[in-house]
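Breakdown of the fold
Single-letter residue listing:
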Amino acid sequence: EVKELREVMEYELETKKKHLAKLQEYFQSDIKDIDSPKYEDNAINALLEMKKVKTEIEQLEYYLQLK
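For the structure given in this document, a descriptive report is provided here.

A closer look at the overall build of the chain
A tally of regular secondary structure across the chain gives two helices and zero strands. Relative to a compact globule of 67 residues, whose C-alpha radius of gyration would be 11 Å, the chain shows 16 Å and is clearly more extended. For the chain, the spread of C-alpha atoms along the principal axes amounts to about 55 × 15 × 15 Å. Going through the 67 residues of the chain one by one, you find that 18% of them count as buried. Within the chain, contacts between residues at least 6 apart in sequence are counted, and of these 72% link residues at least 24 apart. Carbon and sulfur atoms make up 53% of the accessible area of the chain, which totals about 5,700 Å². Here the chain carries 12 positive and 16 negative side-chain charges, and the mean point of each set is 4 Å from the other.

Remarks on helix α2 (residues 39-65)
Helix length check: α2, at 27 residues, gives a terminal C-alpha distance of 39 Å against a target of 39 Å (1.5 Å per residue), a fit within 8%. Turning to α2, its buried residues are Ala43, Ala46, Met50, Val53, Ile57, Leu60 and Leu64. Lining the buried residues of α2 we find α1 (2-30).

As for the environment of Lys32
Tracing the sequence through the fold places Lys32 in the loop between α1 and α2. The spatial distance from the C-alpha of Lys32 to the C-alpha of Ala43 is 9.2 Å, given a sequence separation of 11 residues.

Some details on the nonpolar core
In terms of nonpolar packing, the biggest core is built from nine residues, these being Met9, Leu13, Leu20, Leu23, Met50, Val53, Ile57, Leu60 and Leu64. Counting only elements with at least two residues in this core, the list comes to α1 and α2. Top element by residues in this core is α2. It accounts for five residues. Once you skip the residues sitting within four places of it in the chain, Val53 turns out to touch Lys16, His19, Leu20 and Leu23.

Observations concerning the environment of Leu23
As for its position among the elements, Leu23 is in helix α1. Through-space distance from the C-alpha of Leu23 to that of Gln65 is 26 Å; in sequence the pair is 42 residues apart. Not counting residues within four places of it along the chain, the set of residues in contact with Leu23 comprises Glu49, Met50 and Val53.

The rules behind these values
- Residues numbered from 1 in each chain as written.
- Predicted model: local features only at pLDDT ≥ 70, side-chain atom pairs only at ≥ 80, totals over all residues.
- Heavy atoms only, no water.
- Helix = DSSP H or I, 4+ residues; strand = E, 2+ residues; numbered from the N terminus.
- Rg over C-alpha atoms; globule rule 2.2 N^0.38 Å.
- Buried < 20%, exposed > 50% of the residue type's maximum accessible area, 1.4 Å probe, protein only.
- Contact = heavy atoms within 4.5 Å.
- Areas by Shrake-Rupley, 256 points an atom, 1.4 Å probe, with all protein chains shown as cover.
- Lys, Arg positive; Asp, Glu negative; His and termini not counted.
- Charge placed at Lys NZ, Arg CZ, Asp CG, Glu CD.
- Expected span 1.5 Å × (residues − 1).
- Core = buried A, V, L, I, M, F, W, Y, C linked by side-chain atoms within 4.5 Å.

And the structure:
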């Protein structure tokens, strides 16, 4: 049971890391048009999503360190 939970958490961790990489890639490539009327909203939303995913990654890494 514990082993299965650990495997699920490890899978989630890898999934979240890949998601974060995609969010960062999107931010670097797509949020460049500063003249866009939604530039600030898009940038803020992208940054907030990255922050959320980073926090989730940190939590999973912490849980996986517990014995």
